[in-house]
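Residue strings, one per chain:
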Amino acid sequence: MAVSGLFAAVRAAPGPWQRVACVAAGFRCRCPGKSYAVGPAHSQPTFGFLLDIDGVLVRGHRVIPAALKAFHRLVNAQGKLRVPVVFVTNAGNILQHDKAQELSALLGFKVEPDQVILSHSPMKLFSQYHGKRMIVSGQGPLVENAQVLGFKNVVTVDELRMAFPVLDMVDLQRRPKTTPLPRNDFPAIEGVLLLGEPVRWETSLQLIMDVLLSNGNPGTGLATAPYPHLPVLASNMDLLWMAEAKMPRFGHGTFLLCLETIYRKVTGKELRYKGLMGKPSILTYQYAEELIRRQAERRGWAAPIQKLYAVGVLPEIHTKDPLILSQPTALPPSIALCPGAAAVVERDQAHSNLASSCTQDLGAHLEMQPILLIRELPIMERLTTLLQKPELAAF
């Protein structure tokens with residue numbers, strides 16, 4: 001992006017998110033916050049929690065019993081959280097409001113929508129693409145999610161398939177019986193928006209490739225594929241994720257890997273992302289940090305939030321200290337240590353270059369000290385143990 005484009009993106013970001021946009025663009029800045037009534041000094045926390053959802057709080061549609069025990073210590077007699085908490089998930093096929101309601105029903109207290117970060121939530125900061133005509137891939141309330149993020153002109157894969165029926169040829173039952181007349185009234189597509197794993201992978205892979213190779217005009221085609229290609233924004237690089245099944249399930253990272261591999265095989269070049277977000281991207285953690293800060297302000301907690309306890313990384317990690325990753329000798333090679341005794345795990349090797357560039361200096365990009373915890377089956381018991389620490393026990 002040109003320098004002028006970077007400044008335009010920062011200026012266009014809504015007030016509360018301007019600081020995050022500055023850092024995401026490579027700048028350091030301070031933005032004024034709103035003033036709120038301040039509560040009693042003795043009840044003001046100086047830390048917050050970032051909590052993963054899948055495999056930490058819930059497994060499929062069932063809450064993990066230990067999660068309820070841990071949350072009993074985090075909620076006061078009035079049913080309000082005693083410390084700022086943000087729920088971070090790489091899910092993206094649900095509306096933020098609906099995810100908050102789902103968590104409220106599972107955990108037994110009200111979770112506000114602005115306490116939930118979906119994998120694509122930081123796309124709100126990419127205002128330079130909000131006015132472009134984007135093809136959107138995924139499932140669930142796709143168009144509504146894209147609109148909530150700020151995108152004003154989106155085309156779904158199904159809409160593109162209906163406009164150009166001859167593009168989707170894998171399923172014999174869906175092949176057109178006659179050859180339709182060519183169309184020249186379909187506006188060009190200006191970018192690709194990947195919000196989550198689709199249902200018909202073969203259709204989405206084919207049509208997204210058509211868009212990239214034709215420079216947004218899939219009804220025509222080009223002799224030579226353009227490069228650089230159209231901008232691609234993607235969320236959720238998880239190769240696998242845990243549900244009720246005993247073995248992990250394919251995640252959106254697997255779909256991205258398929259798309260990258262096909263693009264490389266066809267063009268001989270690498271697929272490049274203008275933005276790749278969701279855990280463990282730095283932008284997602286910056287976005288979460290700002291939500292924690294705003295939540296503390298609304299509650300009247302004037303004491304600065306100095307530490308973030310981020311619960312939930314990868315289930316396969318085991319160290320000598322199963323609570324906090326802080327010893328280099330105890331970590332496998334896929335872990336990148338950050339300042340402040342923080343450690344971040346690359347989500348999968350296929351995106352290691354993207355993940356490591358996002359996370360290996362996480363501590364340098366956050367104003368709060370990040371302390372990331374291992375996600376294992378007894379993680380909520382360990383969270384309960386963590387709450388015995390002197391700085392946390394008072395709350």
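We now turn to the structure provided with this report.

Quick notes on the rules
- Residues numbered from 1 in each chain as written.
- Predicted model: local features only at pLDDT ≥ 70, side-chain atom pairs only at ≥ 80, totals over all residues.
- Heavy atoms only, no water.
- Helix = DSSP H or I, 4+ residues; strand = E, 2+ residues; numbered from the N terminus.
- Buried < 20%, exposed > 50% of the residue type's maximum accessible area, 1.4 Å probe, protein only.
- Areas by Shrake-Rupley, 256 points an atom, 1.4 Å probe, with all protein chains shown as cover.
- Pairing = 2+ DSSP bridges.
- Core = buried A, V, L, I, M, F, W, Y, C linked by side-chain atoms within 4.5 Å.
- Domains from an automatic or database assignment.
- Contact = heavy atoms within 4.5 Å.
- Salt bridge = Lys/Arg side-chain N within 4 Å of Asp/Glu carboxyl O.
- Polar contact = N/O pair within 3.5 Å; in protein donor to acceptor, adjacent residues only side chain to side chain.
- Axes fitted to C-alpha atoms, helices over the stretch in contact; angles between N-to-C directions.
- Parallel < 35°, antiparallel > 145°, perpendicular 65-115°, else oblique.
- Left-handed = near helix turned anticlockwise from the far one by under 90°.
- Phe/Tyr/Trp six-rings, centres within 6.5 Å; stacked < 30°, edge-to-face > 60°.
- Lys NZ or Arg CZ within 6 Å of the ring centre and 35° of its normal.
- Expected span 1.5 Å × (residues − 1).
- Arc of directions from axis to C-beta.

## Regarding the overall build of the chain
Line of reasoning, step 1. Helix and strand counts for the chain stand at 13 helices and 16 strands.
Line of reasoning, step 2. Expressed as a percentage of the 395 residues in the chain, the buried residues total 52%.
Line of reasoning, step 3. Just so you have it, the chain exposes about 18,000 Å², and 56% of that area is on carbon and sulfur atoms.

## Regarding the pairing of strand S13 (residues 307–311)
Line of reasoning, step 1. Within S13, four of the five residues are buried, which leaves it mostly tucked inside the rest of the structure.
Line of reasoning, step 2. In this sheet, S13 lies alongside strand S1 (residues 47–52) in parallel orientation, the contact comprising five bridges. Opposite Leu50, over in S13, you have Ala310 as the bridge partner.

## As for the nonpolar core
Line of reasoning, step 1. Core analysis: the largest hydrophobic core is formed by 31 residues, its most contacted members being Leu50, Met123, Phe151, Leu193 and Leu233.
Line of reasoning, step 2. Of all the secondary-structure elements, those providing two or more residues to this core are strand S4 (85–88), strand S6 (133–137), helix H5 (142–149), helix H9 (282–298) and S13.
Line of reasoning, step 3. At seven residues, the largest contribution of residues to this core is made by H9.
Line of reasoning, step 4. Inspection of this core shows a minimum of three residues originating in each of domain 1 (47–119 + 289–316 + 324–335 + 367–394) and domain 2 (123–276).

## Here we look at the environment of Gly138
Line of reasoning, step 1. Here Gly138 shows up in the loop between S6 and H5.
Line of reasoning, step 2. Accessibility expressed as a relative area gives 15% for Gly138, which makes it buried.
Line of reasoning, step 3. It is 8.6 Å that separates the C-alpha atoms of Gly138 and Ser204, two residues lying 66 residues apart in sequence.
Line of reasoning, step 4. Once residues within four sequence positions are removed from consideration, Gly138 is found in contact with Gly196, Glu197 and Pro198.

## Topic: the pattern of salt bridges
Line of reasoning, step 1. The tally for this structure, following the rule as stated, stands at nine salt bridges.
Line of reasoning, step 2. With its nearest N and O atoms 3.1 Å apart, the salt bridge here joins Arg298 to Asp114. Taken together, the residues span a long stretch of sequence, with Arg298 in helix H9 and Asp114 in the loop between helix H4 (96–107) and strand S5 (116–117) at a distance of 184 residues.
Line of reasoning, step 3. When its relative accessible area of 36% is taken as the criterion, Arg298 is described as partly exposed.
Line of reasoning, step 4. Residues participating in the shared-partner salt-bridge network are Arg161, Asp168 and Arg174.

## Quick word on the side chain of Asp52
Line of reasoning, step 1. Tracing the backbone through its elements, the reader meets Asp52 in strand S1.
Line of reasoning, step 2. What makes Asp52 buried here is its relative accessible area of 3%.
Line of reasoning, step 3. Only 2.6 Å separates the side chain of Asp52 from the side chain of Lys279, close enough to count as a polar contact.

## Things to note about unusual backbone geometry
Line of reasoning, step 1. Between Tyr227 and Pro228 the backbone carries a cis peptide bond, its omega angle lying at 5°.
Line of reasoning, step 2. Tracing the chain through its elements places Pro228 in the loop between helix H7 (201–213) and strand S9 (232–235).
Line of reasoning, step 3. Its identity is not glycine, yet Asn215 carries a phi of approximately 60°, on the positive side.
Line of reasoning, step 4. Structurally, Asn215 can be placed in the loop between H7 and S9.
Line of reasoning, step 5. Residues other than glycine seldom take positive phi values, yet Asn236 does so here, at roughly 75°.

## Things to note about the side chain of Thr156
Line of reasoning, step 1. Looking at where Thr156 falls in the secondary structure, it is placed in strand S7 (residues 153–156).
Line of reasoning, step 2. With near-sequence residues (within four places) excluded, Thr156 lies in contact with Ile135, Val136 and Val143.

## Side note on the packing of H7 against helix H8 (residues 252–267)
Line of reasoning, step 1. For the pair H7 and H8, the least separation of the axes is 11 Å and the interaxial angle reads 45°. As the angle between them shows, H7 and H8 are arranged oblique. For H7 against H8, the interelement crossing comes out right-handed. For the pair formed by H7 and H8, the contact residues are Trp201, Ser204, Leu205, Ile208, Met209, Leu212 and Leu213 on the first element and Thr254, Phe255, Cys258, Leu259, Ile262, Tyr263, Val266 and Thr267 on the second.

## Regarding the packing of aromatic side chains
Line of reasoning, step 1. Summed over all chains, the structure comprises five aromatic pairs.
Line of reasoning, step 2. Between Phe49 and Tyr309, the ring centres sit 5.8 Å apart and the planes meet at 45°, which makes this aromatic pair tilted. Taken together, the positions of Phe49 in strand S1 and Tyr309 in strand S13 put the pair 260 residues apart, joining distant regions of the chain. Each of the two residues, Phe49 as well as Tyr309, counts as buried.
Line of reasoning, step 3. Here the aromatic rings of Phe164 and Phe186 are separated by 5.3 Å at their centres, their planes lie at 75°, and the arrangement is edge-to-face. Within this pair, whereas Phe164 is found in the loop between helix H6 (157–163) and strand S8 (191–194), its partner Phe186 is found in the loop between H6 and S8, the two being separated by 22 residues in sequence.
Line of reasoning, step 4. Overall, the relative accessible area of 8% leaves Phe164 in the buried class.
Line of reasoning, step 5. Ring pairing ties together the aromatic residues Phe47, Phe49 and Tyr309, which thus form one cluster.
Line of reasoning, step 6. The ring of Phe186 has Arg133 lying over it, and the distance from NZ or CZ to the ring centre is 4.9 Å.

## Overview of H4
Line of reasoning, step 1. For H4, which comprises 12 residues, the first-to-last C-alpha distance of 16 Å matches the rise-based estimate of 16 Å (1.5 Å per residue) to within 8%.
Line of reasoning, step 2. Looking only at H4, the buried set comprises Gln96, Lys99, Ala100, Leu103, Ser104 and Leu107. Burial along H4 is one-sided: seen end-on, the buried residues are contained in an arc of 140°.
Line of reasoning, step 3. Tucked inside the fold, the buried residues of H4 contact strand S3 (62–63), helix H3 (65–74), S4 and S5.
Line of reasoning, step 4. The first or second residue beyond H4 is Gly108, which carries a positive phi of 85°.

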